[in-house]
Amino acid sequence: MHHKVWKALYGLAALLFAALACNKGFDRILEKRDYTDTTSSAARTPKVLYIVVDGARGQSVRDAKPPTLLQLNEHAIYSWYSITDTLTLDATGWADLLTGVHKEKHQVLSNDFSGNKLDTYPVFFRYIKDRKPEFRIAAFSSSNDLGNRLITDADVNRTFGGNDAAAQAAALNELKLDSAGLVFLQFKDVDQAGARYGYDVSVPQYKAAILKVDGYIGKLMEALRARKNFSGEDWLVVITANHGGPFPVDPAKDDHTILSDPRVNGFTIYYSPVYEPSMIDKPYTGNRYAGQAVRLHDRDANAVNAVVPDDGGDYNFGDTTSFTVEFKVKVNPGPKGDYTYTYPSILGKRESFDPGKPGWVMFLEQHYWMINFGQVGKGNIQVKGADISDGTWHDIAAVILNRKDGAGILHRYARTYTNGVFNNEGEITAQGNINTMTPLTMGFLPGSVNEPADVYMSEVKIWRAVLPDSTISAHACETELSSDHPYNDYLIGYWPCTDGFGGQFTDNGPLQHSFSLRGAYQWEDYNDLVCPPSSSDLATLAPQPTDIARQILNWLKVITDTKWDLDGRVWTTDYTNLAH
């Protein structure tokens, strides 16, 4: 055991180092607050220049090294990893940027704007005009659809039929006016170049379009600073994209999260001369997990699965014994080409998945995993886990425990966890004794299965104990069992499943019941992420188009009404962390 302990300690140290490195970006995530952005020169008149560059992929904009934008970032809150709407439609992106709410509210779901709810969730210009009727708003749109179908409540609203240079010229003239208050400008050329040639900085035409727009923005900044009253004004400059664009992703850089989807990769810059540079870095997306594993797939005679030939009943727990099952799994696309599955087993101790068969089985249903308990003469009872259908590794666990009710009667429950987070609980008392001499099996089980699972599995562990929520959460995303795990004394089975050779998954637990591999198995290399955050969680850590309405209203000192039901948030820096 001596070498195993050192291996575990080395792995734990490596994990700690990796976690610290991977989390480096978190200290750059700005605190979520709802306060007003001010400076010591509070008497200066707040104004806004708001620029939208259609189809500008954040990482491509960064890599193009646009001189104007890079210079602005010296006094900006900025990110090259903004997350735009998943529809990646022009109209939906524009609506997000100008209403401050997501598509589920504004209902701009097509480029013809049909079925929208813009009367309920209007362009935020209306809120400014309601509070400050005299405040001048001018909008200049390269795309006619944007100006004609979406813009409202602007004193000036002009469109230019796809002519970016003309839209810029009109905005330059607007900036010469003393009364200019909010100047909105949209460019189209970058998106057109991407659609025609490819949305990546490696494409010369796309890079050239980005640099050309950067030049336009440079002239706008010159005009803004040349205003005769500029010293008495407080300008916020917002530059962003309505969406990114499709382009093949380098597999080595694909973390299978929304952050690797070039179609939703935008950028956001909030510039003010009073800002210190503050980069909102790419959110942490999970620990790197590398090794060798066997792909478990197919069915019946063609199945590649793994079975414990004779466990001697060591994994039978009757109707009162508590136990915990935990493992890591990576789900591959199924026969339909997506991650939708109907009932295939991934780990179970049960003769088959047919009704009336005693035992338990953890399986896939649609995009979720579940655990099912069967019994002779009774229906199945199952408890739902969480969505694991993203092509990355997830840690899943089921805890079976007992509790007494007020009358002292014992009840049995199953609790599910994904990536250390509790999912659901269900009572399974009615299933009684679920013992079976059927062997413990990874992968295919016969029975009611419409298609077999296609998965990789590792770090399979069984404890004869109830692991508390805190323990599951603390250890879920570790890439191997640590020597100081608080429940190691209760471990009765531990199969890393990463042997890399031979015809078995070796049991490193005390009972030494190794799994035998069946079928035409192959050991394959993997190098992926484990425990990645969900898309919704990632979205809270990165700027979104819906943030901008609130950011601008905040800058203009327009107090947000809860009746507006805005979705966005305000980003700020410690330097401007003053409220009034």
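These numbers come from a predicted model, not from an experiment. (Residues numbered from 1 in each chain as written. Predicted model: local features only at pLDDT ≥ 70, side-chain atom pairs only at ≥ 80, totals over all residues. Heavy atoms only, no water.)

Now for the confidence of the model for the protein. Taken residue by residue, the protein gives an average pLDDT of 89. The fraction at 70 or more is 90%. Low pLDDT (under 50) marks residues 1–41, which in the prediction has 61 contacts with non-local residues, meaning those over four places away or in another chain. Segment residues 574–580 is flagged for pLDDT under 50; beyond a separation of four residues in sequence, or across chains, it makes 15 contacts in the model. (pLDDT = per-residue confidence, 0-100. Contact = heavy atoms within 4.5 Å.)

Time to look at the packing of aromatic side chains. Throughout the structure, instances matching the rule amount to 22 aromatic pairs. With a centroid separation of 5.0 Å and 45° between ring planes, the pair formed by Trp393 and Tyr526 is classed as tilted. On the criterion of sequence distance, the pair formed by Trp393 in strand E16 (residues 393–404) and Tyr526 in strand E24 (residues 523–530) is long-range, its members being 133 residues apart. Here the two residues Trp393 and Tyr526 agree in accessibility, since each one is buried. Through a chain of ring-to-ring contacts, the aromatic side chains of Tyr50, Phe124, Phe125 and Phe184 assemble into a single cluster. Taking the ring centre of Phe135 as reference, the NZ or CZ of Lys132 above it sits at 6.0 Å. Across the ring face of Trp571, the terminal group of Arg569 is positioned such that the distance to the ring centre comes to 3.7 Å. (Phe/Tyr/Trp six-rings, centres within 6.5 Å; stacked < 30°, edge-to-face > 60°. Helix = DSSP H or I, 4+ residues; strand = E, 2+ residues; numbered from the N terminus. Buried < 20%, exposed > 50% of the residue type's maximum accessible area, 1.4 Å probe, protein only. Lys NZ or Arg CZ within 6 Å of the ring centre and 35° of its normal.)

Let's shift gears to the pattern of salt bridges. Here the structure, examined in full by the defined rule, presents 28 salt bridges. Of the charged contacts in the structure, one is a salt bridge between Asp234 and Arg44, with a shortest N-O distance of 3.7 Å. Here Asp234, found in strand E6 (residues 233–240), pairs with Arg44, found in the loop between helix H1 (2–22) and strand E1 (45–53); they are 190 residues apart in sequence, far enough to count as distant. Judged by its relative accessible area of 7%, Asp234 falls in the buried class. For Arg44, a relative accessible area of 23% corresponds to the partly exposed category. Sharing partners across several salt bridges, the network here consists of Asp54, Asp90, Lys188 and Asp191. (Salt bridge = Lys/Arg side-chain N within 4 Å of Asp/Glu carboxyl O.)

In this section: the packing of helix H9 (residues 189–197) against helix H10 (residues 204–225). Between H9 and H10, whose axes approach to 8 Å, the crossing angle comes to 180°. Classified by the angle their axes make, H9 and H10 are roughly antiparallel. Contacts between H9 and H10 involve Asp189, Val190, Ala193, Gly194 and Tyr197 from the first element and Gln205, Tyr206, Ala209, Ile210, Lys212 and Val213 from the second. (Axes fitted to C-alpha atoms, helices over the stretch in contact; angles between N-to-C directions. Parallel < 35°, antiparallel > 145°, perpendicular 65-115°, else oblique.)

Turning our eyes to something else, we now look at the state of the cysteines. Inspection of every chain in the model, using the stated rule, returns one disulfide. Sulfur-sulfur distance for the disulfide between Cys477 and Cys531 comes to 2.2 Å. The S-S bond linking Cys477 to Cys531 shows a torsion near -105°; that makes this disulfide left-handed. Taken as a pair, Cys477 in the loop between helix H11 (469–475) and strand E21 (491–495) and Cys531 in the loop between E24 and helix H12 (535–540) lie far apart in primary sequence, 54 residues in all. (Disulfide = S-S within 2.5 Å.)

Our focus in this paragraph is unusual backbone geometry. Backbone geometry at Lys65 places phi at a positive 55°, although glycine is not the residue there. Checked against the element boundaries, Lys65 lands in the loop between helix H2 (58–64) and helix H3 (67–72). Judged by relative accessible area, Lys65 falls into the exposed class, the value being 59%. In the Ramachandran plot, Asp298 falls in the positive-phi region, its phi being about 65° despite a non-glycine side chain. By secondary structure assignment, the location of Asp298 is in the loop between strand E9 (287–296) and strand E10 (305–307). Judged by relative accessible area, which is 31%, Asp298 ranks as partly exposed.

Turning to the side chain of Thr392, a few remarks are in order. As for its placement among the helices and strands, Thr392 is situated in the loop between strand E15 (378–387) and E16. A distance of 2.8 Å separates the side chain of Thr392 from the side chain of Asp390, its partner in a polar contact. There is a polar contact of 3.4 Å between the side chain of Thr392 and the side chain of His394. In contact with Thr392, not counting residues within four places along its chain, are Asp255, His256, Val329, Lys330, Val331, Leu529 and Pro532. (Polar contact = N/O pair within 3.5 Å; in protein donor to acceptor, adjacent residues only side chain to side chain.)

The subject of this paragraph is the nonpolar core. Within the largest apolar cluster, 44 residues are counted, with the highest numbers of intra-cluster contacts made by Leu49, Ile51, Phe140, Phe187, Ile217, Ile239 and Phe267. Per-element tally for this core: the top contributor is H10, with nine residues. (Core = buried A, V, L, I, M, F, W, Y, C linked by side-chain atoms within 4.5 Å.)

When the terminal C-alpha atoms of H10 are compared, their 32 Å separation across 22 residues agrees well with the 32 Å that a helix rising 1.5 Å per residue should span. Residues Tyr206, Ala209, Ile210, Val213, Asp214, Tyr216, Ile217, Gly218, Leu220, Met221 and Leu224 constitute the buried set of H10. (Expected span 1.5 Å × (residues − 1).)

Another point: the sheet that holds E10. Read from one edge to the other, the open sheet built from eight strands follows the order E15-E14-E13-E12-E19-E10-E23-E22, with strand pairing classed as antiparallel. In this open sheet, the two strands that pair with only one neighbour each are E15 and strand E22 (504–505). With six bridges connecting them, strand E14 (residues 368–375) and E15 associate as antiparallel partners. Its bridge partner lying in E15, Phe373 is registered against Ile381. (Pairing = 2+ DSSP bridges.)

Here we take up the environment of Leu97. By the secondary structure assignment, Leu97 is in helix H4 (residues 90–99). The sequence separation of Leu97 and Ile462 amounts to 365 residues, and the corresponding C-alpha distance is 49 Å. Setting aside residues up to four positions removed in sequence, Leu97 forms contacts with Tyr50, Val52, Phe124, Thr240, Ala241, Asn242, Pro545, Ile548 and Ala549.

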